[in-house]
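Architecture at a glance
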Amino acid sequence: MKTKDKPVIRPVYFFYGVEDYLIDEEIQKLLDQILSQKERGLNLHVFSGEEHRSQDIIQAAQTLPMFSQYRVVLVSETDRMDEEKIEALLKYMPAPSPTTCLILYGETLGLWKKHRAAIEEVGVMKEYSRLKGKSLISWMRNRMLERGKKLTEDAADYLVEVVGDHLHDLENALEKAFLIVGKKQTIELSDAEGIASE
């Protein structure tokens, strides 16, 4: 019998970039791998890097999980942290808790830029820049394939032209398209034009 390999959970993740939709999606995937909905009540801690003290974040990260294998500490707005807060958190990095997944994210690296090596030594750092051109069209077509439908390139181009290149808005337009075309398997330019005019 073949057993499913469990994904390797790194102690630290740092996500940054202007494409907040992809960052949110990546964080959600990690949360789904690490904690069940039931475990999140006691083992998911959410902080703002700008508003909360690093000591509070570190204390949560060093606390053992309750009725779970892991604890997740999620810190937003890390790009707005001052050097003092960053230095305090960096002291946690060399020996992070093996039962905690610390997820840091922000729009930019901010003052963390010079500490990139320290993060990559224990964890993962990934940038999510704005999707454009073929990457954006490919993302849209893949999203529609996940729903079991095809999106023509013309229809995708048209939606980008009308809706813009923000993934949240495009995701809403794709959802609308999916619902409107019903059983039809391919969303064409005429379908996209109908969606955009509503």
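Relevant structure appears above.
Residues numbered from 1 in each chain as written. Predicted model: local features only at pLDDT ≥ 70, side-chain atom pairs only at ≥ 80, totals over all residues. Heavy atoms only, no water.

1. A closer look at the pairing of strand β2 (residues 44-48)
Within a regular beta strand, the side chains point alternately toward one face of the sheet and then the other, so they alternate between its two faces. Which entries qualify depends on this criterion: We treat two strands as partners when DSSP finds at least two bridges between them. The helix and strand labels rest on DSSP assignments: H or I over at least four residues marks a helix, E over at least two residues marks a strand, and numbering proceeds from the N terminus. Crossovers are marked right-handed if the path from the first strand over the helix to the second runs clockwise, as seen with the strands pointing away from the viewer.
Of the strand pairs in this sheet, β2 and strand β3 (residues 71-76) are connected by 5 bridges, and their pairing is parallel. Paired with H45 across the bridge in β3 is V73. Each parallel crossover has a hand, and for β2 linked through helix α3 (residues 54-62) to β3 it is right-handed.

2. Looking at a nonpolar patch on the surface
To be explicit about the condition: Patches here are clusters of residues that have more than 30% relative accessible area and form no salt bridge, with a 9 Å joining cutoff for like charges and a 5 Å cutoff for nonpolar side chains (Val, Leu, Ile, Met, Phe, Trp, Tyr). Per-residue and other accessible areas were derived by the Shrake-Rupley procedure at a 1.4 Å probe size, with only the shown protein chains allowed to occlude residues. What makes a salt bridge here is a side-chain nitrogen of Lys or Arg within 4 Å of a carboxyl oxygen of Asp or Glu, nothing more. Burial classes follow relative accessibility: with a 1.4 Å probe on protein chains only, a residue under 20% of its type's maximum area counts as buried, one over 50% as exposed, and anything between as partly exposed.
Together, L42, M66 and F67 make up an exposed nonpolar region whose accessible area comes to about 350 Å². With respect to the helices and strands, F67 occurs in the loop between α3 and β3. Owing to a relative accessible area of 73%, F67 belongs among the exposed residues under this scheme.

3. Looking at the environment of S97
Applied cut-off: Contacts are assigned to residue pairs that have any heavy atoms within 4.5 Å of one another. Identification of polar contacts relies on pairs of N or O atoms within 3.5 Å, with a donor-acceptor requirement for protein atoms, meaning one able to donate a hydrogen and the other able to accept it, and with residues adjacent in sequence counted only if both atoms are side-chain atoms.
Its place among the elements puts S97 in the loop between α4 (83-90) and β4 (100-106). Residues S97 and T63, 34 residues apart in the sequence, show an inter-C-alpha distance of 8.4 Å. Beyond its immediate sequence surroundings of up to four residues, S97 is in contact with P11, A61 and Y92. Among the polar contacts made by the side chain of S97, one reaches the side chain of T99 at a distance of 3.1 Å.

4. Remarks on helix α8 (residues 167-181)
Our working rule: For a helix, the expected span equals 1.5 Å multiplied by the number of residues minus one.
Between its first and last C-alpha atoms α8 spans 21 Å; for 15 residues at 1.5 Å apiece the expected length is 21 Å, and the two agree. After α8 finishes, the residue G182 shows a positive phi value of roughly 60°.

5. Structural notes on the nonpolar core
In summary, soluble globular proteins display a tendency toward joint burial of nonpolar side chains. So the rule is basically this: Grouping buried Ala, Val, Leu, Ile, Met, Phe, Trp, Tyr and Cys residues that are joined through side-chain atoms within 4.5 Å yields what is termed a nonpolar core.
Residues F15, I34, I103, W139, M140, L151 and L167 are the most contacted members of the largest nonpolar core, which totals 36 residues. Broken down by secondary-structure element, the contributors of at least two residues to this core are β1 (12-16), α1 (20-34), β3, β4, α6 (133-146), α7 (153-163), α8 and α9 (189-196). Leaving out residues up to four positions away in the same chain, W139 has contacts with Y21, L22, L131, L167, L170, E171 and L174. Listed in part, the 23 residues of the second largest apolar core include A60, M81, L89 and L102.

6. Structural notes on the packing of α7 against α8
The line we're drawing: Only the contacting stretch of a helix is used when fitting its axis, a line to C-alpha atoms as for every element, and angles between N-to-C directions run 0 to 180 degrees. Angles are sorted into four bins: roughly parallel if under 35 degrees, roughly antiparallel if over 145, roughly perpendicular if 65 to 115, and oblique for all others. Should the near helix be turned counterclockwise from the far one by less than a right angle, the crossing is left-handed, whereas a clockwise turn marks it as right-handed. Ten residues, namely Ala, Val, Leu, Ile, Met, Phe, Trp, Tyr, Cys and Pro, are considered nonpolar, four, namely Asp, Glu, Lys and Arg, are considered charged, and the remaining ones, Gly among them, are considered polar.
Interhelical geometry of α7 versus α8 gives an angle of 125° and a closest axis separation of 10 Å. As far as their axial angle goes, α8 and α7 are oblique. Relative to α8, the crossing made by α7 is right-handed. Facing α7, whose interface residues are L159, V160 and V163, α8 presents D169, L170, A173 and L174. Residue classes in the contact of α7 with α8 are distributed as 6 nonpolar, no polar and 1 charged.

7. Quick word on the sheet that holds β2
Neighbouring strands of a sheet are bound in pairs by backbone hydrogen bonds; such pairs are parallel or else antiparallel. Strand order in this open sheet of 5 strands is β2-β3-β4-β1-β5, and the pairing throughout is parallel. Each edge of the sheet is formed by a strand with only one pairing partner; in this case those strands are β2 and β5 (123-127). For this sheet, the mean inter-axis angle between neighbouring strands, taken without regard to orientation, is 15°. Contacting β2, β3 and β4, α3 runs over the sheet at an angle of about 160° to β3.

8. Things to note about the pattern of salt bridges
Taken as a whole and assessed by the stated rule, the structure comprises 15 salt bridges. For R80, the salt bridge goes to E50, with nearest N and O atoms at 3.6 Å. Remark: E50 occurs in the loop between β2 and α3 and R80 occurs in the loop between β3 and α4; sequence separation between them is 30 residues. For R80, a relative accessible area of 51% corresponds to the exposed category. Residues participating in the shared-partner salt-bridge network are E25, R143, E146, R147, E171 and E175.

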